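Structural overview
Below are the chains, spelled out letter by letter.
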Amino acid sequence: MDRFFEMHPRADLETPAADRPNDYWEKLREHIDWGSIYMHQHWDDIPCSVAYPFADVNADVFATFPRAPWDDQKDFYASSPAYALALAIHEKADRIGLWGIDCASGSEFAQEHPNLAYLIGFAQGRGIEIVLPQGPTNLLKYDGTNTAFGTGKRDWHLRYGYLKNG
């Protein structure tokens, strides 16, 4: 691998609720030989951190994202894989493989499914080949089971979901 993504807000990750190992930040600092770590911004104490190119990706991948006239949402990220997928689309990848992403209904990751389905369809619309694992995968299966209407809650409220203008 040559790129990694840690797209949770750093302030949120530094709280006990983030449930990261005690040496998490040290591991990110030592990440030098592995490749870039995309984050919200470059952090001097994490030498391999790279600011995610929000403006460029949003202007490209989300330029035609459907919006209601009263909605100021300008992008649609609901998970770390969504950031990686949107960047790959923006960089005009010919082929994108998706492994280890489980959006099973009834799991805490079920709310990520619509976002990933949108981006996968968008990629295919641009002629990008999407490669999925051989065998069973829940990535593209969604039936809404155990997902009560109106109960979704973003735990990473400062970044996941959408950016507000201003």
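Within each chain, residue numbers correspond to sequence positions counted from 1 in written order. Note on the predicted model: pLDDT of at least 70 is required for a residue's local features to be given, and 80 or more for side-chain atom pairs to be given and counted; whole-chain, interface and lining totals, by contrast, use all residues. Hydrogens and water are ignored here; the side-chain numbers use all heavy atoms of the structure.

1. A look at unusual backbone geometry
- Positive phi, close to 55 degrees, is recorded for D19, a residue that is not glycine.
- Think of it this way: any DSSP run of H or I at least four residues long counts as a helix, any run of E at least two long counts as a strand, and we number them from the N terminus. By secondary structure assignment, the location of D19 is in the loop between α1 (10-13) and α2 (24-29).
- A positive phi is found at K92, a non-glycine position, where the angle reads about 60 degrees.

2. Structural notes on helix α5 (residues 113-125)
- Expected span, for any helix, means 1.5 Å times one less than how many residues it has. Taking 1.5 Å per residue as the helical rise, α5 with its 13 residues ought to reach 18 Å, and the 18 Å between its terminal C-alpha atoms agrees with that figure.
- Within α5, burial applies to H113, N115, L116, L119, I120, F122 and A123.
- We call two residues contacting when some pair of their heavy atoms lies within 4.5 Å. If you follow the buried residues of α5, they end up packed against α3 (54-61), α4 (80-90) and β5 (129-131).
- Backbone geometry just downstream of α5 places G127 in the positive-phi region, at approximately 85 degrees. Classification of residues uses two cut-offs on accessible area relative to the type maximum, computed with a 1.4 Å probe and protein chains only: under 20% is buried, over 50% is exposed, and between them is partly exposed.

3. Notes on α3
- When α3 is considered as a whole, its buried residues turn out to be F54, V57, N58, D60 and V61.
- Of the surrounding secondary structure, the elements contacted by the buried residues of α3 are α4 and α5.

4. Things to note about the sheet that holds strand β3 (residues 49-51)
- The 3 strands lie next to each other as β1-β2-β3, forming an open sheet whose pairing is parallel. Edge positions in the sheet fall to β1 (3-5) and β3, since each has one partner strand and no second. Adjacent strand axes in the sheet meet at a mean angle of 35 degrees, parallel and antiparallel pairs treated alike.
- Here 3 bridges tie strand β2 (residues 36-39) to β3, and the two strands are oriented parallel to one another. Opposite M39, over in β3, you have A51 as the bridge partner. Strand pairing follows a simple DSSP-based rule, namely that at least 2 bridges must link the two strands. Only the contacting stretch of a helix is used when fitting its axis, a line to C-alpha atoms as for every element, and angles between N-to-C directions run 0 to 180 degrees.

Nothing here speaks to function; it is geometry throughout.
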